[in-house]
There are 2 protein chains.
Amino acid sequence: MMTIGKYSLNEYLRLIEWFHGSPSPGMLVGGIMVDAAIKRLNTTRLYDAICETSSCLPDAIQLLTPCTIGNGWLHMADLGRFALALYEKDSGRGIRVFLDPEKTEEWPEVNIWHLKLRPKKEQSLEKLTDQILKAGIKLLGFQNVEVLPAFLARRAKGEIAVCPACGEAYPKNHGPVCRGCAHASPYVQKKIDMRSRKITGHRISRSEKTSLMNENQG
Amino acid sequence: MMTIGKYSLNEYLRLIEWFHGSPSPGMLVGGIMVDAAIKRLNTTRLYDAICETSSCLPDAIQLLTPCTIGNGWLHMADLGRFALALYEKDSGRGIRVFLDPEKTEEWPEVNIWHLKLRPKKEQSLEKLTDQILKAGIKLLGFQNVEVLPAFLARRAKGEIAVCPACGEAYPKNHGPVCRGCAHASPYVQKKIDMRSRKITGHRISRSEKTSLMNENQG
């Protein structure tokens, strides 16, 4: 019986549905890739993962290995390649697995999906799934890799400060204010005036508020 | 009985262990934050998430909402603040939840952990867990937010090309070669010569290989 990581194929398909939200060729071929990477890495040591695409594959890694975004063991390198590497935390040596166009070429449905030769809605999920399961690791290329030293460093936030602008905790080494207040807020700037009121400790007047909002929008 | 998302506290603790790998105050307070955000967003529409830290919180979001890294519904904005936002995909309006230093101040163990006032090994996980569970949403601040238009755009890779350097598929709009070959490889450059051999279609000699390797290391 086919297994993917520690799971039977059906268990893995249910995990995809629960975690990723929908049936996905990327999650299926991704599962086969992660499974193959674990087997080839074949280590008893702790390992990290690098994922080279943000499409689907990170979820296969998170479901099948100990590496997640939130525990810091999964590193995103958004290169747009359908590839991942698992590598020993101490030595940095590991195995890279990639979807190889020279190999997917022999499986028409996989090739059409991989190189997006037809719009998604004109692709047959059923035929594609079938070919992915038949082809399995025949779709994949493998390389021994060694990651750059930056990927071996342990994540450490260092000292924590309270941002004088928003009043929230942030890593002191980011600078005198947090990155959200400095330049990188993902939000339309309405919140700063709400917080400023709080920080300065007095209830600001409507005119002060309007001028603050105008400043923030400028 | 306390619930976190769709789960009982114990079920959630087991999910943490399975997915995140170890008991974690960040995952516990993160679960309470995500649960509170879902309740306050209170929408029947589809929503996305922004996570402002890479520590723990992304995993709570991935376990408790439909948003994951691999399905593109979870966006990382690495600002170093322990905060998240859930927002409607269409309107961009949503709720931001953050851990508020003014509030954690009243819970000594939480405060010590949040502002890292003592090294981790001198903190008591048991007392900290206890205070997090007692305090619950009293630790949190809430803000209505609207995300910037960039966060409303649907992720689309566009046309796919095969990289002339590594031979792998990548989004054509990244440029004439893939980002991995252009500048952003996370690996010590040994693999390019292996692939070059394949791409050029001839078996390269040892001297050619050495010169390639030197180039890549230069």
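Residues numbered from 1 in each chain as written. Chains lettered and ligands numbered in written order. Predicted model: local features only at pLDDT ≥ 70, side-chain atom pairs only at ≥ 80, totals over all residues. Heavy atoms only, no water.

Student: Could you clarify how one ought to interpret the environment of Glu52(A) in this entry?
Tutor: As for its placement among the helices and strands, Glu52(A) is situated in the loop between β3 (47–51) and α3 (57–64). Residue class for Glu52(A) comes out buried when judged on its relative accessible area of 0%. Expressed as a C-alpha distance, the spacing of Glu52(A) and Gly80(A), which sit 28 residues apart in the sequence, is 6.1 Å. Other than its neighbours up to four places away in sequence, Glu52(A) contacts Ala77(A), Asp78(A), Leu79(A), Gly80(A), Arg81(A), Ala83(A), Arg96(A) and Tyr187(B). (Helix = DSSP H or I, 4+ residues; strand = E, 2+ residues; numbered from the N terminus. Buried < 20%, exposed > 50% of the residue type's maximum accessible area, 1.4 Å probe, protein only. Contact = heavy atoms within 4.5 Å.)

Student: Help me out: how do you make sense of the packing of helix α1 (residues 9–19) of chain B against helix α2 (residues 25–41) of chain B in this one?
Tutor: Angle between the axes and distance between the axes: these two values describe a pair of packed helices. Residues and elements named next belong to chain B. At a closest axis distance of 11 Å, the pairing of α1 and α2 adopts a crossing angle of 130°. With respect to their mutual orientation, α1 and α2 come out oblique. For α1 against α2, the interelement crossing comes out right-handed. Along its contact with α1, which presents Leu9, Tyr12, Leu13 and Ile16, the element α2 presents Met27, Leu28 and Gly31. (Axes fitted to C-alpha atoms, helices over the stretch in contact; angles between N-to-C directions. Parallel < 35°, antiparallel > 145°, perpendicular 65-115°, else oblique. Left-handed = near helix turned anticlockwise from the far one by under 90°.)

Student: Just checking my understanding: could you explain a positive patch on the surface for this structure?
Tutor: Judged by side-chain charge, Lys116(A), Lys120(A), Arg154(B) and Lys157(B) come together as a positively charged surface patch. Note on Lys116(A): relative accessible area 41%, which makes it partly exposed. (Patch = residues over 30% accessible without salt bridge, like charges linked within 9 Å, V, L, I, M, F, W, Y side chains within 5 Å. Areas by Shrake-Rupley, 256 points an atom, 1.4 Å probe, with all protein chains shown as cover. Salt bridge = Lys/Arg side-chain N within 4 Å of Asp/Glu carboxyl O. Lys, Arg positive; Asp, Glu negative; His and termini not counted. Charge placed at Lys NZ, Arg CZ, Asp CG, Glu CD.)

Student: When you look at the side chain of Thr65(A) in this model, what are you seeing that I'm missing?
Tutor: All names here are of chain A. Structurally, the position occupied by Thr65 is in the loop between α3 and β4 (74–76). The class of Thr65 is buried, set by a relative accessible area of 7%. Here Ile61 takes part through its backbone oxygen, which lies 2.8 Å from a polar atom of the side chain of Thr65. Within the structure, the side chain of Thr65 is placed 3.0 Å from the backbone nitrogen of Cys67, a separation counted as a polar contact. In this view, Thr65 contacts Val34, Ile38, Tyr47 and Leu86; residues no more than four positions away in its chain are not counted. (Polar contact = N/O pair within 3.5 Å; in protein donor to acceptor, adjacent residues only side chain to side chain.)

Student: How do you make sense of the interface of chain A and chain B when you look at a structure like this?
Tutor: Often, the extent of an interface is quoted as the loss of accessible area on bringing the components together. Counting residues at the interface gives 66 residues for chain A and 66 residues for chain B. For the pair chain A and chain B, the summed buried surface comes to about 5600 Å²; carbon and sulfur atoms form 55% of the total. A per-residue breakdown of the area chain A buries against chain B is headed by Arg81(A), Pro186(A) and Tyr187(A), which together make up 13% of the total. At the junction of chain A with chain B, the criterion picks out 2 salt bridges. The salt bridge involving Arg96(A) is made with Glu168(B); its shortest N-O contact spans 2.8 Å. Considering only residue class, the side of chain A that touches chain B consists of 34 nonpolar, 15 polar and 17 charged. (Buried area = accessible area lost by both parts, 1.4 Å probe. Nonpolar A, V, L, I, M, F, W, Y, C, P; charged D, E, K, R; others polar.)

Everything listed here is a matter of geometry and, on its own, says nothing about what the molecule does.
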